[in-house]
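Residue-level listing of the chains:
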Amino acid sequence: MKNPFTILAISDHADDETIREAFNAQLQAFPQERFPQRYREIQAAFHALQDRRLRMRQRLFGNGDPDLTPLWTQCLRYTAPRRPTQKTFRDLMAESLSEYRFPDSEKS
């Protein structure tokens, strides 16, 4: 799925009311009978953003979950049951999340 914020033509920091208004406007512009594919995209975008928790997940992880494989690989590399150093953990976490853009603040 494309970015739901782009599909609904809203900013990343839109509130519930703005999202609902954009959703309704898009549904009026693209009725299901004439634009079935676009209608499904609009529905999916709204469902991906319909509450604050889902919007935060979308902002943090996009359309998928972060890839934590490098972190797990590093953690499992040790033969003795030891934790990675704090610096190693931070570096690997930063590398795993480097492709995601975090919002400056959340509007309530």
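These lines cover the structure that appears in this document, whether it is placed above or below.

Glancing now at the packing of helix α3 (residues 36-49) against helix α4 (residues 52-61). The contact between α3 and α4 brings their axes to 6 Å, and the two run at 105°. Relative to α4, the element α3 is oriented roughly perpendicular. Between α3, through His47, Ala48 and Leu49, and α4, the contact on the second element is made entirely by Leu54, Arg55 and Gln58.

This part takes up the packing of helix α5 (residues 69-77) against helix α6 (residues 86-97). For the pair α5 and α6, interaxial distance at closest approach is 8 Å and the crossing angle is 155°. Here α5 lies roughly antiparallel to α6, going by the angle between them. Across the interface between the two elements, Pro70, Leu71 and Gln74 from α5 touch Thr88, Phe89, Leu92, Met93, Glu95 and Ser96 from α6. Among the residues forming the contact of α5 with α6, the class breakdown is 5 nonpolar, 3 polar and 1 charged.

This part is about the nonpolar core. Leu8, Ile10, Ile19, Phe23, Leu27, Ile42 and Leu49 are the most contacted members of the largest nonpolar core, which totals 14 residues. Those elements giving two or more residues to this core turn out to be α1 (4-7), α2 (16-29) and α3. If we skip the residues at most four places from it in the chain, Phe23 touches Leu8, Ile42, Gln43 and Phe46.

Let us now look at unusual backbone geometry. A positive phi angle, close to 60°, is found at Ala9, a residue other than glycine. Assignment of secondary structure puts Ala9 in the loop between α1 and α2. Residue Ala9 is classed as exposed on the basis of its relative accessible area, which comes to 63%.

Parameters at a glance
- Sequence order as written defines the numbering, with residues in each chain counted from 1.
- Local features are withheld for residues below a pLDDT of 70 in this predicted model, meaning they are given only at 70 or higher, and side-chain atom pairs are given and counted only at 80 or more; totals for whole chains, interfaces and linings count all residues.
- The basis for the side-chain values is all heavy atoms of the structure; hydrogens and waters are excluded.
- With axes taken as lines fitted to C-alpha atoms, and helix axes fitted only over the stretch in contact, angles between N-to-C directions fall between 0 and 180 degrees.
- We count a stretch as a helix when DSSP gives it H or I for four or more residues in a row; a strand needs E for two or more, and each element gets its number in order from the N terminus.
- Under this scheme an angle from 65 to 115 degrees is roughly perpendicular, one under 35 degrees roughly parallel, and one over 145 degrees roughly antiparallel; angles in between are oblique.
- In what follows, residue pairs with any heavy atoms lying within 4.5 Å of each other are defined as contacts.
- Residue polarity is assigned by list, with Asp, Glu, Lys and Arg as charged and Ala, Val, Leu, Ile, Met, Phe, Trp, Tyr, Cys and Pro as nonpolar; anything else, Gly included, falls into the polar class.
- Nonpolar core, defined: a set of buried Ala, Val, Leu, Ile, Met, Phe, Trp, Tyr and Cys residues in which side-chain atoms within 4.5 Å join the residues together.
- With a 1.4 Å probe rolled over the protein chains alone, any residue whose accessible area is under 20% of its type maximum counts as buried; one over 50% counts as exposed, and the rest are partly exposed.

Everything listed here is a matter of geometry and, on its own, says nothing about what the molecule does.
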